[in-house]
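Breakdown of the fold
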2 protein chains.
Amino acid sequence: MQSGKSHLRSPGDILQCLRIAGLRPTRQRVALARLLFGGDFRHITAEGLHGEAAGHGTHVSLATVYNTLHQFTAAGLLQEVVVDAGRSYFDTNVADHHHFFYEDSGRLEDISGQAVTISALPAPPDGAQIARIDVVIRLRGRPSEA
Amino acid sequence: MQSGKSHLRSPGDILQCLRIAGLRPTRQRVALARLLFGGDFRHITAEGLHGEAAGHGTHVSLATVYNTLHQFTAAGLLQEVVVDAGRSYFDTNVADHHHFFYEDSGRLEDISGQAVTISALPAPPDGAQIARIDVVIRLRGRPSEA
DNA sequence: GTGATTGCAAATCTTTTGCACTAAA
DNA sequence: TTTAGTGCAAAAGATTTGCAATCAC
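Residue positions are given per chain, counted from 1 along the sequence in the order it is written. Lettering of chains starts at A and numbering of ligands starts at 1, both following the order in which they are written. Side-chain atom pairs in this predicted model are given and counted only at pLDDT of 80 or more, local residue features only at pLDDT of at least 70, and totals for whole chains, interfaces and linings cover all residues. Note: side-chain values were computed over all heavy atoms of the structure, leaving out hydrogens and water.

**Here's the deal with the domain arrangement of chain A**
Residue and element names in this part refer to chain A. A domain assignment, automatic or from a database, supplies the domain bounds used here. Split into domains, chain A comes out as domain 1 (11-90) and domain 2 (93-139). Between domain 1 and domain 2, the C-alpha centre-to-centre distance is 22 Å. A contact between two residues is defined here by any heavy atoms of the two lying within 4.5 Å. Across the contact, eleven residues belong to domain 1 and 13 residues belong to domain 2. The rule for a salt bridge is simple: a side-chain nitrogen of Lys or Arg has to be within 4 Å of a carboxyl oxygen of Asp or Glu. Across the domain 1-domain 2 interface, the total number found is zero salt bridges. N or O atoms closer than or at 3.5 Å make up a polar contact, with two conditions inside protein: a donor-capable atom paired with an acceptor-capable one, and, for residues adjacent in sequence, both atoms drawn from side chains. Along the contact surface separating domain 1 from domain 2 lie six residue pairs in polar contact (both at pLDDT 80 or more). Each residue is assigned to one of three groups, with Ala, Val, Leu, Ile, Met, Phe, Trp, Tyr, Cys and Pro labelled nonpolar, Asp, Glu, Lys and Arg labelled charged, and all others, Gly among them, labelled polar. A class-by-class count of the residues in the side of domain 1 that touches domain 2 yields six nonpolar, three polar and two charged.

Spelled out as C-alpha cells, the structure:
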C-alpha cells in the first residue's frame, strides 16, 4: 500500500494550479485547495470537506463545496472514487493507484499502482477505449486507525 | 468478457430458492425473481426492475422492489455492483467476476473472473480480511449495443 | 463595470422508514 | 390465527439548480 506521500503545495503553487485550471482563485477555492492539497493525500467527501472548512473558520456553502470538488476533478486536480453508492469520495492522489475499502468504517486507503499487477485483461470491446481501471479491495474487520 | 450465460430457473426452482433463503414466496417476490433469474445474467437498478415489473402487468411498489433486492442480495442470489455514485446496480451473476462500465451510457458488462488475472496484491492490513475484489474497467466511447 | 462565483433555499433523485393493511402458513 | 410481507406516503440523505447578491479582474 502507499504511504501517504505528501504533495505539499505552497500558497503560490495553489494559486498557480487554480489559474492554470482556468479557475479564479477566489477565497473559497483557495481555502478548499489548501485543505485538500496542503498535506498528505486524502480521501474526503463533500460533507467532510465542508465541515473541515467550517472547523478552520472558513465559511463555504455546501453547494460551493460540491461545485469546487467537481471543478477540481474536471481540472485533474482530484479523482472521484466510487466505492459506496450514495456517497462520493474525492481523492487528492490522482496518480494511477487503487484502494482498500473498509466496508465497516467507510475508510479508504491507497494502494500504489505498482502494488497491484493485472496481468491478463480482456480487450476493450470494439471502438471503446479504457478510461481507467479501478481495483477496489473490500475489507471486513479491524480497520487500521487513520 | 463473459457471454451472458443463462441461469434459467424453472418456476419450481424459483420457489425453492426463495424457500431456502427463508423468504416466503409471495406474489411480488416470485414475480421479481422470474424477471431477474428467468434468463440471461443481468444488471439492473431498482427503478429499472420496478418499471419492468409494471411492463409485465405486475404491480409491485418501489419500496418492495428495494426490500426484495436487498433480501435477495443478503441471500446471495444477487450481488450489488458499485460503479456509479448515487445509483445501485444489482447483478444476477454472483460468480467471481468483474465489469466493463461504459461511462457514457451507464451500461455494465460482465468480465469473467478468469479473464482478469491479478498477480500481485498487497496483503490486507492487520486483522482485516478480503471480502471481495472488484475490478471495474471504465470505458469511453462507443458502447456495444445491449 | 462586467462576467464569473457564491450563497441560499428550493428542487431533485435515490433510498429508507413507519405504520396500517393483506396475505402466507 | 399469527406473523411475515406489502403499499403508501412521508422522511431522509446526497447532490443539483435557480437566481439575486458579491467578488475578481
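There's more to say after this.
**Regarding the interface of chain B and chain A**
Contact residues are listed per partner, giving 42 residues for chain B and 42 residues for chain A. For the pair chain B and chain A, the two sides together bury roughly 3200 Å², of which 62% comes from carbon and sulfur. Considering only the side of chain B, the residues that lose the most area to chain A are Val82, Pro122 and Arg138 of chain B, jointly responsible for 17% of the buried surface there. Counting the contacts that link chain B with chain A gives two salt bridges. A salt bridge links Arg138 of chain A to Asp134 of chain B, with the nearest nitrogen and oxygen atoms 2.7 Å apart. The tally of links between chain B and chain A comes to 14 residue pairs in polar contact (both at pLDDT 80 or more). In short, buried area is how much 1.4 Å probe accessible area vanishes from two parts on joining, totalled over both.

**Notes on the relation of the copies chain B and chain A**
Only residues with pLDDT of at least 70 in both copies contribute their C-alpha atoms to the least-squares superposition of the copies. After a rotation of 179° and a shift along the axis of 0.0 Å, chain B superposes on chain A with an RMSD of 0.1 Å. The transformation relating the two chain copies, once decomposed into turn and shift, fits a two-fold axis. In this assembly, 100% of the residues forming the interface of chain B have copies in chain A that are likewise at the interface, indicating an isologous arrangement.

**Some thoughts on helix H4 (residues 62-74) of chain B**
Because the α-helix completes a turn every 3.6 residues, residues three or four places apart line up on one side. All names here are of chain B. Helical segments are the DSSP runs of H or I of at least four residues, strand segments are the runs of E of at least two, and each set is numbered from the N terminus. One less than the number of residues in a helix, times 1.5 Å, gives the span that helix is expected to have. If you check H4, its first and last C-alpha atoms are 18 Å apart, about what 13 residues at 1.5 Å a residue would give, namely 18 Å. Note on exposure labels: buried denotes an accessible area under 20% of the residue type's maximum, exposed denotes more than 50%, and partly exposed covers the range between, all computed with a 1.4 Å probe on protein chains only. Every buried residue of H4 is accounted for by Val65, Thr68, Leu69 and Phe72. Burial along H4 is one-sided: seen end-on, the buried residues are contained in an arc of 100°. In H4, those exposed residues whose orientation departs by more than 90 degrees from the buried face are Ala63 and Ala74. One or two positions beyond H4, positive phi appears at Gly76, with a value near 85°. Think of it as the arc spanned by the lines of direction from the helix axis to the C-beta atoms.

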